[in-house]
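Per-entry structural report
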Amino acid sequence: MTLKTAQQYEDSLRELKLKVYLQGEIVDNPVDHPIIRPSMNSVKMTYELAQDPQYEDLMTATSHITGKKVNRFCHLHQSSEDLVKKVKMQRLLGQKTAACFQRCVGMDAINAVDSVTFEMDKKLGTTYHERFKKFLLMMQEEDLTVDGAMTDPKGDRGLSPSKQADADLFVHVVEKRDDGIVVSGAKAHQTGAINSHWILVMPTIAMGKEDADYAVSFVAPADAEGIFYIYGRQSCDTRKLEDGDIDVGNKQFGGHEALMVFDHVFIPWENVLMCGEYEFSGLLVERFAGYHRQSYGGCKVGVGDVLIGATALAADYNGAAKASHLKDKLIEMVHLNETLYACGIACSAEGHKTASGTYLIDLLLANVCKQNVTRFPYEIARLAEDIAGGLMVTMPSEKDLRHPEIGKVVEKYFQGVASVPTEHRMRILRLIENITLGTAAVGYRTESMHGAGSPQAQRIMIARQGNIEQKKELAKAIAGIPAK
Ligand code: SF4
Ligand code: FE
């Protein structure tokens, strides 16, 4: 079975023994918890669409290891076309969920780890790549959701991992044994952690010799002994606990992040993918971040499509759709959204083969893509709020709308165009609120800023890849100045 059905995915999660804390309490059954379940539904969509013949080309791929059909989230990109399809798949899923569907971090991690372990083995004579391939085979055969875990808590940003007051602020090896290693530390902001079967841990920054114990990468079952999770709070998350389905904005789908803690977790050698090879940690970070920066040129665009649609509907329901300035603002939203997509496609189309055979995006264009993502969704959200109007944040609740007496008052005074039920107007405004200020804003706004690295991280890469010296030579040639 290389493709799980959506139901099989849900059932497989129920078998995990995850230790999860949410708002100070242990969660016995994360799958059915009303705050967590919408995020599970988003991941479930990655399984559901893979079963649908109309999406087969985007959602599935042919494994280069077995020749079998696998979910694209478990696939290593074998061509630039694969890279392009990845972005298109992510846009599709953003459109279907209007949320973060989480599974990309594992896909981006396997693609980065594949080429880096290959190159590391070649240079150092290690044997990590074979181990990785065994894991990949299992991931493909069982259609696993894998959480690619990179970001450490990092403590004092002015200090390297080994200089921190508390050694656990970066994941590190605390003991090396004949049969494996023992690791401690934590990974913060872990997207989809509670909906994943396995974890693929990677170092978070380039490291020096003194940080060798922190240059560690490995895979582990998500419910391995010693791992536990503290679920991240989101704006308006407790609306998910309420009856009704209007105020929450997006009843069915969501995303999540969690703090993932490793308390002396044993990792057998066969699951270790880097252990002390500090000179390769920077390369792994660069490639994973590059792939994830490409990803945002797909997923955020799909969510943007929903937001633009919702905003256009809000204008219709307000009776304002014909106003020329509103039309122009919608055009601007589309322009910004498609510019993000253009970068996602461009860095994919310009991809190239690495030594292992796996394709890597063009890193300069992927970083430009993500740099735009740190800005444009904010402007798109600003325009959405402009068009939606203040009612988006001042209107009464669904309970008021359903109230036997004041319900009529709510209906009467929040009616826009007479042919549109007030309830529809409220629904669309709550959806806009959800994406711009509510639970989905985690993925659409703040994650656009900080996910896959904060803006400055991209500027460093752009500086490194921008090749200003070569541009100087171009100018000299045109201006008639002799070359160096
Ligand atoms: Fe995927 Fe986007 Fe979520 Fe990252 S933020 S996991 S790319 S949906
Ligand atoms: Fe992300």
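Before any of the text, the structure's been laid out above.
For the structure given in this document, a descriptive report is provided here. Note that the coordinates shown come from a computational prediction; the quantities given were computed from them, not determined experimentally.

A few points about the overall build of the chain
Looking only at helices and strands, the chain has 17 helices and 14 strands in total. A compact globule built from 484 residues should have a C-alpha radius of gyration of about 23 Å, and the chain, at 24 Å, falls within 12% of that. With respect to the three principal axes, the spread of C-alpha positions in the chain is 75 × 70 × 50 Å. Taking all 484 residues of the chain together, 54% fall into the buried category. Considering only intrachain contacts with a sequence separation of at least 6, the fraction spanning at least 24 residues in the chain is 77%. In the form shown here, the chain has an accessible surface area of approximately 20000 Å², with 54% of it arising from carbon and sulfur atoms.

Brief notes about the coordination of the iron ion (ligand 2)
In the first shell of the iron ion (ligand 2), the protein supplies His292 (NE2), Tyr296 (OH) and Glu447 (OE), at 2.3 to 2.6 Å from the metal. Here the donor residues of the iron ion (ligand 2) share one chain and are spaced in sequence as H-x3-Y-x150-E. With His292 in helix H7 (residues 281-318) and Glu447 in helix H15 (residues 441-450), this pair connects stretches of sequence that are 155 residues apart.

Focus on the packing of H7 against helix H9 (residues 363-373)
When two helices pack together, their arrangement is captured by the angle between the axes and the distance separating the axes. Viewed as axis vectors pointing N to C, H7 and H9 meet at an angle of 50°, and their least axial separation amounts to 8 Å. The angle between H7 and H9 places the two elements in the oblique class. The chirality of how H7 crosses H9 is left-handed. Where H7 approaches H9, its residues Glu286, Gly290, Arg293, Gln294, Tyr296, Gly297 and Lys300 are matched on the opposing element by Leu363, Ala366, Asn367, Cys369, Lys370 and Val373. For the contact of H7 with H9, the class distribution of residues is five nonpolar, four polar and four charged.

Describing the side chain of Ser42
On the secondary structure map, Ser42 appears in helix H2 (residues 37-48). Classification of Ser42 as buried rests on a relative accessible area of 0%. Beyond its immediate chain neighbours, meaning those up to four positions away, Ser42 contacts Thr97, Ala99, Cys100, Phe101, Gln102, Phe253 and Gly254.

Structural notes on the pattern of salt bridges
Summed over all chains, the structure comprises 33 salt bridges. Among the salt bridges present, the one from Asp32 reaches Arg14, with a minimum N-O distance of 2.7 Å. Taken as a pair, Asp32 in the loop between strand S2 (25-26) and H2 and Arg14 in helix H1 (residues 6-14) lie far apart in primary sequence, 18 residues in all. The partly exposed category is assigned to Asp32, whose relative accessible area is 36%. Residue Arg14 is classed as partly exposed on the basis of its relative accessible area of 36%. Glu423 serves as the salt-bridge partner of Arg402, at 3.1 Å between the closest nitrogen and oxygen.

Overview of H9
Within H9, eight of the eleven residues are buried, which leaves it mostly tucked inside the rest of the structure. Here H9 has its buried residues at Leu363, Ala366, Asn367, Cys369, Lys370, Gln371, Asn372 and Val373. As for H9, its buried residues are in contact with H7, helix H8 (324-349), helix H10 (376-388), H15 and helix H16 (455-465). Structurally, the start of H9 carries an N-cap: the backbone nitrogen of Leu364 is 3.2 Å from a side-chain oxygen of Asp362.

A look at the sheet that holds strand S11 (residues 257-268)
The strand order S2-S1-S10-S11-S7-S6 describes an open sheet built from six strands, whose pairing is mixed. Single-partner strands in this sheet number two, and they are S2 and strand S6 (172-176). The pairing of strand S1 (residues 20-22) with S2 spans two bridges and is classified as antiparallel. Among the inter-strand pairings, Tyr21 is bridged to a residue of S2, identified as Ile26.

Some points on the sheet that holds strand S8 (residues 198-201)
What the four strands build is an open sheet, ordered S5-S8-S9-S12; its pairing is mixed. The two strands at the open ends of the sheet, each matched to only one other strand, are strand S5 (146-149) and strand S12 (272-275). For this sheet, the mean inter-axis angle between neighbouring strands, taken without regard to orientation, is 15°. As paired strands, S8 and strand S9 (residues 216-221) are joined by four bridges and run antiparallel to one another. Looking at the pairing, Val201 lines up with Phe218 of S9.

A word on the site of ligand 1
Every residue near ligand 1 is listed here: Cys100, Phe101, Gln102, Cys104, Thr191, His292, Ser295, Tyr296, Cys299, Lys300 and Glu447. Per element, the largest residue contribution to the shell around ligand 1 is five residues, and it comes from H7. When its residues are assigned to classes, the shell around ligand 1 shows five nonpolar, four polar and two charged.

Quick look at the nonpolar core
Among the nonpolar cores identified, the biggest contains 78 residues, and Val183, Ile194, Leu200, Phe218, Ile227, Tyr229 and Phe262 are the most heavily contacted of them. By residue number, the principal contributor to this core is helix H5 (residues 104-124), which donates seven residues. Filtering out sequence-adjacent residues up to four positions away, Ile227 remains in contact with Lys19, Ile199, Ala220, Pro221, Ala222, Met260, Val261, Phe262 and Val265. Listed in part, the 57 residues of the second largest apolar core include Leu383, Ile387, Met395 and Leu401.

Topic: the packing of aromatic side chains
All told, the structure shown has six aromatic pairs when counted by the stated rule. Aromatic side chains Phe135 and Trp198 sit 5.4 Å apart centroid to centroid with 55° between the ring planes, which places their arrangement in the tilted category. Here Trp198 lies in strand S8 and Phe135 lies in helix H6 (residues 128-142), a separation of 63 residues in the sequence. An identical accessibility class is assigned to Phe135 and Trp198; each is buried. Ring centres 6.4 Å apart and planes at 85° place the aromatic pair Phe170 and Tyr214 in the edge-to-face group. Of the two residues, Phe170 sits in the loop between S5 and S6 while Tyr214 sits in the loop between S8 and S9, which places them 44 residues apart along the sequence. Comparing Phe170 with Tyr214 shows no difference in burial state: the two are buried.

Procedures and definitions
Residues numbered from 1 in each chain as written. Chains lettered and ligands numbered in written order. Predicted model: local features only at pLDDT ≥ 70, side-chain atom pairs only at ≥ 80, totals over all residues. Heavy atoms only, no water. Helix = DSSP H or I, 4+ residues; strand = E, 2+ residues; numbered from the N terminus. Rg over C-alpha atoms; globule rule 2.2 N^0.38 Å. Buried < 20%, exposed > 50% of the residue type's maximum accessible area, 1.4 Å probe, protein only. Contact = heavy atoms within 4.5 Å. Areas by Shrake-Rupley, 256 points an atom, 1.4 Å probe, with all protein chains shown as cover. Donors = N, O, S within 2.8 Å, 3.2 Å for Na, K, Ca; no water. Axes fitted to C-alpha atoms, helices over the stretch in contact; angles between N-to-C directions. Parallel < 35°, antiparallel > 145°, perpendicular 65-115°, else oblique. Left-handed = near helix turned anticlockwise from the far one by under 90°. Nonpolar A, V, L, I, M, F, W, Y, C, P; charged D, E, K, R; others polar. Salt bridge = Lys/Arg side-chain N within 4 Å of Asp/Glu carboxyl O. Polar contact = N/O pair within 3.5 Å; in protein donor to acceptor, adjacent residues only side chain to side chain. Pairing = 2+ DSSP bridges. Near = heavy atom within 4 Å. Core = buried A, V, L, I, M, F, W, Y, C linked by side-chain atoms within 4.5 Å. Phe/Tyr/Trp six-rings, centres within 6.5 Å; stacked < 30°, edge-to-face > 60°.

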